[in-house]
Amino acid sequence: MKLDEPVAENPLLTVEDLEVGFESFDGFAEVIDGVNLSIGKGEVVTIAGETGCGKSVTMKSILRLLNQPPARVSGEITFDGTELLSLSDREFERVKGQRMSLVFQDPMSSLNPTFTIGEQLTDTAQFGGDSDTGVVEFFRRRFSGERDEARERVLEMLREVQMPDPENIMDSYPSQLSGGMRQRALIAQALLNEPDLLIADEIGTALDVTIHDQILDLLKDLIENHDLSVLMITHNLGVARQVSDRVYVMYGGRIVETAPTDELFENPKHPYTQGLIASIPRLTGDEMATGIDGSIPEYLDPPPGCRFAPRCPYATAECEQARPEMYERGPQTGVECVLYDEAVPASERPTVEETRSHMTRRPGKQKGGD
Amino acid sequence: MKYWQYLVRRLAGILVSLIGLSIIIFTTSRVLPGNPARMALGALASEEQVQALAAEMGLNKPIPLQYLDYMRGLLVGDLGTSLETKRAVSTDIVYYLPATLELITVSMFLTVVIGIPLGVIAAQNKDGLTDNATRLVAFFSVSVPGFFIAIMFQLLFGYLLEWLPITGRLGSEFGSGVSRFTGFLLVDTLLSGNLAAHVDAWAHIILPALALSLAGIGQVMRITRSSMIDVKDQDYVEAERGFGLPSWLVTYKYTLKNAFIPTLTILGLLYASLLGNAFLIELVYSWPGLASYGVTAVLNNDFNAVVGVTMTIGVAFVSINFLVDVLLGRVDPRIRLAMEEAT
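Criteria and thresholds
- Residues numbered from 1 in each chain as written.
- Chains lettered and ligands numbered in written order.
- Predicted model: local features only at pLDDT ≥ 70, side-chain atom pairs only at ≥ 80, totals over all residues.
- Helix = DSSP H or I, 4+ residues; strand = E, 2+ residues; numbered from the N terminus.
- Rg over C-alpha atoms; globule rule 2.2 N^0.38 Å.
- Buried ≥ 20, exposed ≤ 12 C-beta atoms within 10 Å, placed from the backbone.
- Contact = placed C-beta atoms within 7 Å.
- Pairing = 2+ DSSP bridges.
- Nonpolar A, V, L, I, M, F, W, Y, C, P; charged D, E, K, R; others polar.
- Axes fitted to C-alpha atoms, helices over the stretch in contact; angles between N-to-C directions.
- Parallel < 35°, antiparallel > 145°, perpendicular 65-115°, else oblique.
- UniProt positions renumbered as here; feature names shortened; annotations may be inferred.
- Domains from an automatic or database assignment.
- pLDDT = per-residue confidence, 0-100.
- Left-handed = near helix turned anticlockwise from the far one by under 90°.

Visitor: Give me the lowdown on the overall build of chain A, citing residues and values where you can.
Guide: Summing up its helical and strand segments, chain A has 13 helices and 14 strands in all. Scaling as 2.2 N^0.38, a compact globule of 370 residues should have a C-alpha radius of gyration of about 21 Å, and chain A matches this with 22 Å. Looking at the 370 residues of chain A, the share that counts as buried comes to 44%. For chain A, long-range pairs separated by at least 24 residues make up 69% of all intrachain contacts whose partners lie at least 6 apart in sequence.

Visitor: How would you explain the overall build of chain B if you had to name every residue and give the values?
Guide: A tally of helices and strands in chain B yields 14 helices and zero strands. Ordering the α and β elements of chain B from the N terminus gives α-α-α-α-α-α-α-α-α-α-α-α-α-α. For chain B, the spread of C-alpha atoms along the three principal axes comes to 85 × 60 × 40 Å. For chain B, the residues scored as buried account for 36% of the 343 residues in total. Sequence-distant contacts in chain B: of pairs separated by 6 or more residues, those separated by 24 or more amount to 71%.

Visitor: Which residues make up the sheet that holds strand 2 (residues 27–40) of chain A, and what values go with them?
Guide: Residue and element names in this part refer to chain A. What the four strands build is an open sheet, ordered 2-1-4-5; its pairing is antiparallel. Every other strand in the sheet has two partners, leaving strand 2 and strand 5 (82–83) as the edge strands with one partner each. Two elements, strand 1 (residues 11–24) and strand 4 (residues 71–79), share eight bridges in a ladder whose sense is antiparallel. Within strand 4, the position partnered with Val20 by the bridge is Val73.

Visitor: Tell me what's going on with the interface of chain A and chain B, and back it up with residues and numbers.
Guide: Reports often express the size of an interface as the amount of accessible area lost when the parts come together. Across the contact, 30 residues belong to chain A and 22 residues belong to chain B. The set of elements that each furnish at least two residues to the side of chain A that touches chain B consists of helix 2 (89–99), strand 6 (100–103), helix 3 (117–127) and helix 4 (135–142) of chain A. Per-element tally for the side of chain A that touches chain B: the top contributor is helix 2 of chain A, with four residues. Tallied by class, residues from the side of chain A that touches chain B come to ten nonpolar, 15 polar and five charged.

Visitor: Summarise the packing of helix 3 of chain A against helix 5 (residues 145–160) of chain A; cite the residues concerned and give the values.
Guide: Residues and elements named next belong to chain A. Across the interface, helix 3 lies against helix 5 with an axial gap of 9 Å and an inter-helix angle of 110 degrees. With respect to each other, helix 3 and helix 5 are oriented roughly perpendicular. In contact with Gly118, Leu121, Thr122, Ala125 and Gln126 of helix 3, helix 5 contributes Glu146, Arg147, Ala150, Arg151, Arg153 and Val154. Here the residues of the contact of helix 3 with helix 5 sort into four nonpolar, three polar and four charged.

Visitor: I'd like a rundown of the UniProt feature "domain: ABC transmembrane type-1" (unreviewed entry) in chain B, residues and numbers included.
Guide: Feature annotation in UniProt places "domain: ABC transmembrane type-1" (unreviewed entry) on residues 97–328 of chain B, given in this structure's numbering. Counted over residues 97–328 of chain B, helix gives 80% and strand 0%. Its end C-alpha atoms are 27 Å apart.

Visitor: With reference to specific residues and values, describe the domain arrangement of chain B.
Guide: Residues and elements named next belong to chain B. When cut into domains, chain B gives domain 1 (3–75) and domain 2 (91–341). Taken over C-alpha atoms, the centre of domain 1 sits 32 Å from the centre of domain 2. Listed per partner, the contact involves 18 residues of domain 1 and 17 residues of domain 2. Elements with a contribution of two residues or more to the side of domain 1 that touches domain 2: helix 1 (3–31) and helix 2 (36–41). Ranked by residues supplied to the side of domain 1 that touches domain 2, first place goes to helix 1 with 14 residues.

Visitor: Tell me about the sheet that holds strand 3 (residues 44–48) of chain A, residues and numbers included.
Guide: Residues and elements named next belong to chain A. The strand order across the open sheet built from eight strands is 6-7-8-3-9-10-13-12, with neighbouring strands paired in mixed fashion. In this open sheet, the two strands that pair with only one neighbour each are strand 6 and strand 12 (327–328). The sheet contact formed by strand 6 and strand 7 (residues 197–201) spans four bridges and is parallel. In the sheet register, Met100 faces strand 7, and the bridge partner there is Leu197.

Visitor: I'd like to hear about unusual backbone geometry, residue by residue, with values.
Guide: Residue and element names in this part refer to chain A. At Asp17, a position not held by glycine, the phi torsion is positive, near 50 degrees. Mapped onto the fold, Asp17 is located in strand 1. A tally of 12 C-beta atoms within 10 Å means that Asp17 is categorised as exposed. For Asp227, which is not glycine, the phi torsion reads 55 degrees and is therefore positive. Note on placement: Asp227 falls in the loop between helix 8 (209–225) and strand 8 (229–234). The exposure class of Asp227 is exposed, given the 10 C-beta atoms found within 10 Å.

Visitor: Hey, could you go over helix 10 (residues 235–242) of chain B for me, with residue numbers and the actual values?
Guide: Of all eight residues making up helix 10 of chain B, six are buried, and the element is well covered by its neighbours. Taken together, the buried residues of helix 10 of chain B touch strand 6 of chain A together with helix 9 (195–232) and helix 11 (247–284) of chain B. Just beyond helix 10 of chain B, the residue with positive phi is B:Gly244, at close to 75 degrees.

Visitor: I'd like a description of the pairing of strand 2 of chain A, backed by residues and values.
Guide: Residue and element names in this part refer to chain A. For strand 1 and strand 2, the ladder comprises eleven bridges, and the chain directions are antiparallel. Among the inter-strand pairings, Val15 is bridged to a residue of strand 2, identified as Leu37. Counted along the chain from strand 1 to the antiparallel partner strand 2, the turn is two residues long.

Visitor: Explain the UniProt feature "transmembrane region" (unreviewed entry) in chain B to me, and be specific about the residues and the numbers.
Guide: Residues given the UniProt feature "transmembrane region" (unreviewed entry) here are residues 12–32, 103–124, 136–161, 201–221, 259–285 and 305–328 of chain B. The span residues 201–221 of chain B shows a helical share of 100% and a strand share of 0%, and its end C-alpha atoms are spaced 28 Å apart.

Visitor: Tell me about the confidence of the model for chain B, and name the residues and values.
Guide: Residues and elements named next belong to chain B. Looking at chain B, the pLDDT average stands at 85 and 99% of residues meet or exceed 70. Within chain B, the lowest mean pLDDT, 74, falls on helix 2, and the highest, 91, falls on helix 5 (residues 89–124). In the predicted assembly, ipTM is 0.75 and pTM is 0.77.

Visitor: Summarise the pairing of strand 4 of chain A; cite the residues concerned and give the values.
Guide: A regular strand places its side chains so that they alternate between the two faces of the sheet. Residues and elements named next belong to chain A. Bridge count for strand 4 against strand 5 is two bridges, and the pairing is antiparallel. Opposite Thr78, over in strand 5, you have Glu83 as the bridge partner. Between strand 4 and strand 5, which pair antiparallel and follow one another directly, the connecting turn spans two residues, one of which, Asp80, has a positive phi of 50 degrees.

Visitor: Account for the environment of B:His204, naming residues and giving values.
Guide: Residues and elements named next belong to chain B. Locating His204 in the fold gives a position in helix 9. In the structure, His204 is positioned 80 residues away from Val284 in sequence and 13 Å away in space, judged by C-alpha atoms. When sequence neighbours within four positions are dropped, the list of residues in contact with His204 reads Pro165, Gly168, Arg169 and Leu170.

Visitor: Give me the lowdown on the environment of B:Glu173, citing residues and values where you can.
Guide: Relative to the helices and strands, B:Glu173 resides in the loop between helix 7 (146–160) and helix 8 (185–191). In sequence terms B:Glu173 and B:Arg72 are 101 residues apart; their C-alpha atoms lie 43 Å from each other.

Visitor: Go over the packing of helix 10 of chain B against helix 11 of chain B, please, and point to the residues and values.
Guide: All names here are of chain B. Across the interface, helix 10 lies against helix 11 with an axial gap of 10 Å and an inter-helix angle of 150 degrees. One element, helix 10, and the other, helix 11, form an angle in the roughly antiparallel class. Considering how the two elements wind past one another, helix 10 and helix 11 form a crossing that is right-handed. Within the contact between the two elements, helix 10 uses Val237, Glu240 and Arg241 and helix 11 uses Ser247, Val250, Tyr254 and Thr255.

So, in structure tokens, the structure goes:
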């Protein structure tokens, strides 16, 4: 049985049949190939996959951050009942500025180095989402009492993201802040205009592990307090597990598996997902996998069938010819793999251990040492 | 170290380099062939007269002593007497420098107000029609010599269209109505309350200033364009757009301030090089400026004037560079912070 999208109940954002390609001198690269996803109101959803699988392109096409051309985007993106792709740039800017927000990947490069934190954040608080503001209007509001209110709001938000000594931070430049502080400033900036949807690209990955953990905990609290719907993008399955309600696993520009977080980790189905989980380093066990053999597909000339087929230990001739369907395997759970056709007996479906046994391994920690 | 301490240190360094410059210039002017006393008195003067003048000018002393004498005079503002104009060199410089500074300042102003916006617009229409058009203009303005453009301007706007005067700083009819306060005619005419003369001063300065600024406009435009394109792709600009800030604000406030850093360095270098390059333009427009005064002095072996003009240009050069450093620190906090962290 085929899975009917959207899988989210009461969806805020749905993406249907998204296709994104890029024109280049070498030809047309078809990167995103029919992605369906949805985020329910108040839901935290993660797109997980290795670098180059199309996560960021998906996010950027939702936010209209791709330059067209060279990019070509088609499909349907619906946000709270409004079809986004058919909006004019102006209308879209309004929806995006007022209701969506994003936290960028690298806290080191996402704050403007030549302005103080206070200046950037107060401008965002005062004019974010008001992209129609003209020059005269800007200066009138910039030098009115409204500025002080906005400043107060920024201070309050900095306190909420547990920024140490926020008063002082307001007058500091990004280069004077640590990575964790910059990440907090960015999160504060993203939440200033009370968005409904927060898109977070690889949040905290550039930070060291303890700070990363603190940031994720903070994010969890903020999601709850601000009643946010969140689309997280990560290559780190641990992050997906820690924060999200539901996970989409992406490979080669397609969603290959989707499931609620617990289900995905307890019972991964797609050989690719199984490979990812098998690659997570473990503290126990005799040996560990070094990763899935092979590399992501060449988008200029992708495999004609399942894009994972060239790396899949279970691939058959059928896999290499036609793209498999997305088979429904439970509530909000689907997997795009022929092994999950009704006709295939359950015993023939691989387990994580079986997938691990097909991967290149190296010895783990020996019991008792040498 | 505080930023101002860094600046004080820079100033001390500047003083040292100026002293070095004075030694080089002074020595060069003294060892050049030709007898300045003979040049001053002319071919008909007797050998005794020449010797007497040489003794009076101190030319018989060893060069280091001459240098010390010169530096002693410099401290009280005495740069010696020009052999050509028979006036104190300091008086001549005070007279000629404002004309050149005025010309260069207006040129720089044109460079900034034309070059930077065109660069920004070109960057926003990257590879579009406007970009290619400005690229062509920049190519033209950098590659065609300024004096040629100056002459073309005279032909077109002065001779054919008869819109603007082609020589001098002010029409002769205003000569008596304007008193000299600062030497900057654009300021003096206003201080004298003579509006008609003020307009006339603008009419006189606009062609030479434009001719002088064209090469700089081309450079500034291209630098601004390429750094705008670089900065536009930075994460923080993408983020600012993402937060729905007005796009003009993102471009002119958040992008331009970062893109301005390389442009500012270029502007400082341009200002300094204009001091020297102004000569040809001053010649074409009979502009009574320091550059033409200096060149005349060199041709006539008027050694006091040569040293005086060179030192003035040197001081202007290092002052502008210092100013650029201060401004860079203002624009880019990373530079300021790096200075404070150093040592």
